[in-house]
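Listed below, chain by chain, are the residues.
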Amino acid sequence: MSNTPNVLALEGLMLVSAWKPIVLLAPWVAWAWFVSTVLDKHAARFHLGRNKWNMTHLSMGTVALLAAFLIPGTSHVAFGIALGVVVLILSADIMIYAMSTNNDERVPEKFKIRFDASTWKQAKEEKALAKRAGKAELQIQTPGGTTVAVPMSDSEEFPVRVAAEAIYMQAKAARASQVDIAPGRDKAYVVSWVVDGVRKVQRQSIPPAEAVRLIDFWKSAAELDLSDRRRPRWADITVSRHELGETVRVSTAGGPAGMRLGMLFDPSGAVRRGVEDLGLTEPQLAELRAITEERRGVVLLGAAADNGRTTTLYTLAKMHDAYTSNVQTLEFEMQSGLEGVRQSVFDPQGEGPEFSTFMRSILRRDPDVVVVAEVPDNATVIEMCKNDHGRTRVYASLKAEGAVRTVATFVKAAGDNELAGNALYGVMSWKLMRRLCQNCKVPYQPSPEMLSKLGLPAAKVKQLFKKGGQVLIKNKPDTCPTCLGSGYFGQIGAFEVYRLGEDERALIRGGDLNGLRTALRKKGLPTIQQVALLRAVEGITSVEEVTRITAPKQNKSSPAVPVA
Ligand SMILES: [Zn+2]
């Protein structure tokens, strides 16, 4: 061995001991395996710029190798440093990938890359526990917080528990927001669920005896009276699978055909939405802000059932500062607590006064804002109209479609054009449509005929999107992991929003609803149909979805009706 610096450097490069390069290469090989088998597939599956990421991995890998063999010295310290640097660079590469892709909305929660060993351990333990308990996998807690015990696997109750869990788990796996068991045709029961606002029948012809046992299981978990098979009742339970716990609202009601059960997942999360996320266009958002600032008179919200009326109502309530003003709600079922807001729940089966009397007593206390979740009768409309409009802003939700029709419904219920016209200061109406899944939507060039039929300018619209449902993984088509093949993911509203001024009130007082329609058009704000088409042009939804929500309603055969 010579002591000249050149030779020393060469020795450093070659790392004289044979085991040293092997130890240095081991993390590199492990890293290369992980990148090529896990990360590359992950990037391809969610369209995360696979080539860009491969270039990043390649550069980081090269830097790690160079660092390993260029760190001079043959001592153990030098070797330790080299090993540390290699592990650091390679871990950094994986961390950078995980951190930037975990923030990408295309990657569903359960496909995010995690390094928390405790969650793995926990999942493993829970799996083992579930195996011991047969097939019961869920932890179910009553409203009081008591865990519902899993029956012995040889007991009669055990299959009921497993079947009841299956209903929940299958619905969750399908991304459903709620699941219902309700009587269908010929006394048999039907399980249906709602995904992105669209109801799908999942199981048909369940014998009544079996269905009732399933319903009773969930009812008893919710501590609801099993002998009460008629009155609408609800309670919140907690269902956990692995470490994730979720509030589930269990509701039941009965009719001549039999009992119904509904399970709404994460009820308060379902109505949590900022005003910017409702789907309003910029001018509509400005109009809505102008409406909320006025703080007087009645503002109508018209939408069909299952169109997120509670979400919009709660969003409006939250646009008013509950600390500087007195904000109240009157609801049939409280879906979420609103901070600082006094929420009253009306029980239609209760002994107390009528809804309209309840309404009157709330208005008499001169609140600044009252949100009425559902106007049940004409008497309530009359109470709202007779109120001193200068003192209180009332938001009232009606089952109606389109701004003018919502006004017409209200005027008819009031039974007096003059009375209704004086009260109204604003109206909004909307329909929910499904968003295209951004991971698998398919672009296409629309034909000139199609564009002219839709009233879209052929010169401007070169591309539209339709639903996909599949992605290519290593050149093989596979079900899209984000939307699970439906082609849609999430919902967005298409709104009409109009402030009603003195001119519009005069038209309503005069019973001139056609005149009102013309006056609203002149405001230059888009209609529901126009917003829906705009979202199609933007690639947020499809033309098929626009047609589905704007086409006149047909009575589709849907055997199961949601509870409440
Ligand atoms: Zn998809």
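Small disclaimer: the values here were computed from a predicted structure and weren't measured. Every chain begins its residue count from 1, and numbering advances along the sequence as written. In keeping with the model being predicted, local features are shown solely for residues with a pLDDT of at least 70 and side-chain atom pairs are shown and tallied solely at 80 or more, while totals for entire chains, interfaces and linings include all residues. The side-chain figures draw on all heavy atoms in the structure; neither hydrogens nor water molecules are used.

Chemist: Account for the overall build of the chain, with residues named and values stated.
Modeler: Per the secondary structure count, the chain includes 19 helices and 18 strands. When the backbone C-alpha atoms are referred to their principal axes, the chain occupies close to 110 × 70 × 50 Å. A separation of at least 24 residues holds for 65% of the contacts in the chain among residues at least 6 apart in sequence. Surface accessibility in these figures is a Shrake-Rupley result with a 1.4 Å probe; residues are shielded only by whichever protein chains are displayed. As displayed, the chain offers around 28800 Å² of accessible surface, 55% of which is attributable to carbon and sulfur atoms. Averaging the locations of the 71 positively and 59 negatively charged side chains of the chain gives two centres separated by 5 Å. In this description a helix means any DSSP run of H or I spanning at least four residues, a strand means any run of E spanning at least two, and both kinds are numbered starting from the N terminus. Should any heavy atoms of two residues lie within 4.5 Å, those residues are considered in contact. In summary, the charge assignment counts Lys and Arg as positive and Asp and Glu as negative, without counting His or the chain termini. Charge positions come from single atoms, namely NZ of Lys, CZ of Arg, CG of Asp or CD of Glu.

Chemist: Quick one: what's the story with the packing of helix 2 (residues 19–45) against helix 3 (residues 50–70), residue by residue and with numbers?
Modeler: Note on geometry: axes are C-alpha line fits, over the in-contact stretch for helices, and angles between N-to-C directions span 0 to 180 degrees. In the contact formed by helix 2 and helix 3, the axes pass within 11 Å of each other and the chain directions differ by 175°. When the axis of helix 2 is compared with that of helix 3, the two are roughly antiparallel. Taking contact as the criterion, the partners of Pro21, Leu24, Leu25, Trp28, Trp31, Val35, Leu39, Asp40, Ala43 and Ala44 in helix 2 are, on helix 3, Arg50, Asn54, His57, Gly61, Ala64, Leu65, Ala68 and Phe69. Throughout, the ten residues Ala, Val, Leu, Ile, Met, Phe, Trp, Tyr, Cys and Pro are labelled nonpolar, Asp, Glu, Lys and Arg are labelled charged, and all others, Gly among them, are labelled polar. Grouping the amino acids of the contact of helix 2 with helix 3 by side-chain chemistry returns 13 nonpolar, three polar and two charged. Working definition: roughly parallel below 35 degrees, roughly antiparallel above 145 degrees, roughly perpendicular at 65 to 115 degrees, and oblique for all remaining angles.

Chemist: Outline the coordination of the zinc ion, listing residues and values.
Modeler: The coordination sphere of the zinc ion contains the protein donors Cys437 (SG), Cys440 (SG), Cys480 (SG) and Cys483 (SG), at a distance range of 2.3 Å. Each metal site lists N, O and S donors within 2.8 Å (3.2 Å for Na, K and Ca). With water left out of the atoms, a site can look as if it is missing ligands. Each donor residue of the zinc ion belongs to the same chain, and together they define the spacing C-x2-C-x39-C-x2-C. The exposure class assigned to cysteine 440 is buried, which follows from its relative accessible area of 5%. In this scheme, a residue with accessible area under 20% of its type's maximum is buried, one over 50% is exposed, and one in between is partly exposed, where area comes from a 1.4 Å probe on protein chains only.

Chemist: Kindly report on the confidence of the model for the chain, identifying the contributing residues and their values.
Modeler: Looking at the chain as a whole, the pLDDT averages 87, with 91% of positions reaching at least 70. Within the chain, helix 16 (residues 502–509) carries the highest mean pLDDT (97), whereas helix 1 (residues 5–14) carries the lowest (52). For residues 555–564, every residue scores under 50 in pLDDT, and the model assigns this stretch 22 contacts once sequence neighbours within four places are set aside. The predictor reports its confidence for every residue as pLDDT, a score running from 0 up to 100.

Chemist: Give me the lowdown on the domain arrangement of the chain, citing residues and values where you can.
Modeler: Per the annotation, domain bounds derive from an automatic or database assignment of domains. The assigned domain composition of the chain is domain 1 (5–107), domain 2 (125–270) and domain 3 (275–550). On a C-alpha basis, the centroid separation for the pair domain 1 and domain 2 is 49 Å.

Chemist: Can you tell me about the packing of aromatic side chains, naming the residues and giving the values?
Modeler: One pair of aromatic rings is described through two measures. These are the centre distance and the angle between the planes. For this analysis, a ring pair means two rings from Phe, Tyr or Trp (six-membered ring only for Trp) whose centres lie within 6.5 Å, classed as stacked if their planes differ by under 30 degrees, edge-to-face if by over 60, and tilted for the remaining angles. Enumeration according to the criterion identifies nine aromatic pairs in this entry. On the basis of an interplanar angle of 50° and a centroid distance of 5.5 Å, the ring pair of tryptophan 28 and tryptophan 31 is categorised as tilted. With tryptophan 28 and tryptophan 31 both in helix 2, this residue pair falls three residues apart, about one helical turn. In this structure tryptophan 28 comes out as partly exposed when scored by relative accessible area, which is 23%. Among the aromatic residues, those joined into a ring-pair cluster are Phe332, Phe346, Phe355 and Phe358. A positively charged side chain is recorded as over a ring if its NZ (Lys) or CZ (Arg) lies within 6 Å of the ring centre. The angle to the ring normal must also be within 35 degrees. Over the ring of tyrosine 444 we find lysine 466, and its NZ or CZ is 5.5 Å from the ring centre. The ring of tyrosine 425 carries the charged tip of arginine 505 above its face, separated from the ring centre by 3.9 Å.

Chemist: How would you explain the pattern of salt bridges if you had to name every residue and give the values?
Modeler: Every case where a carboxyl oxygen of Asp or Glu lies within 4 Å of a side-chain nitrogen of Lys or Arg is listed as a salt bridge. Applying the stated criterion to the full structure yields 24 salt bridges. Arginine 199 serves as the salt-bridge partner of aspartate 180, at 2.9 Å between the closest nitrogen and oxygen. Residue aspartate 180 is located in strand 2 (residues 178–183), and its partner arginine 199 is located in strand 4 (residues 198–206); the two are separated by 19 residues in the primary sequence. Look at arginine 199 and you get partly exposed, because its relative accessible area is 23%. Of the charged contacts, one joins arginine 231 and aspartate 228 as a salt bridge, the two residues approaching to 2.8 Å between their closest N and O atoms. Because the salt bridges share partners, they merge into one network encompassing Asp236, Arg249 and Glu333.

Chemist: So what about helix 2? Which residues, and what values?
Modeler: What a helix should span is 1.5 Å times the count of its residues minus one. Between its first and last C-alpha atoms helix 2 spans 38 Å; for 27 residues at 1.5 Å apiece the expected length is 39 Å, and the two agree. Of all bends in helix 2, the biggest is about 35°, found at valine 35. Listed in full, the buried residues belonging to helix 2 are Lys20, Leu24, Trp31, Val35, Leu39, Asp40, His42, Ala43 and Ala44. At its buried positions, helix 2 is contacted by helix 3, helix 4 (76–102) and strand 16 (470–473). Directly after helix 2, the chain includes histidine 47, whose backbone phi takes a positive value near 55°. The term bend refers to the angle at a residue between two fitted axes, each drawn through seven residues, those ending there and those starting there.

Chemist: I'd like a description of the sheet that holds strand 12 (residues 393–398), backed by residues and values.
Modeler: Here a strand pair is declared whenever DSSP counts at least two bridges between the two strands. Taken together, seven strands build an open sheet; the order of strands is 10-9-11-12-8-13-18 and the sheet is mixed. Two strands lie at the open edges of the sheet, namely strand 10 (342–345) and strand 18 (488–499), each paired on one side alone. Looking at each pair of strands side by side, their axes are set apart by 20° on average, direction ignored. Pairing between strand 13 (residues 424–436) and strand 18: ten bridges, direction antiparallel. Looking across to strand 18, one finds that valine 427 is bridged to tyrosine 498.

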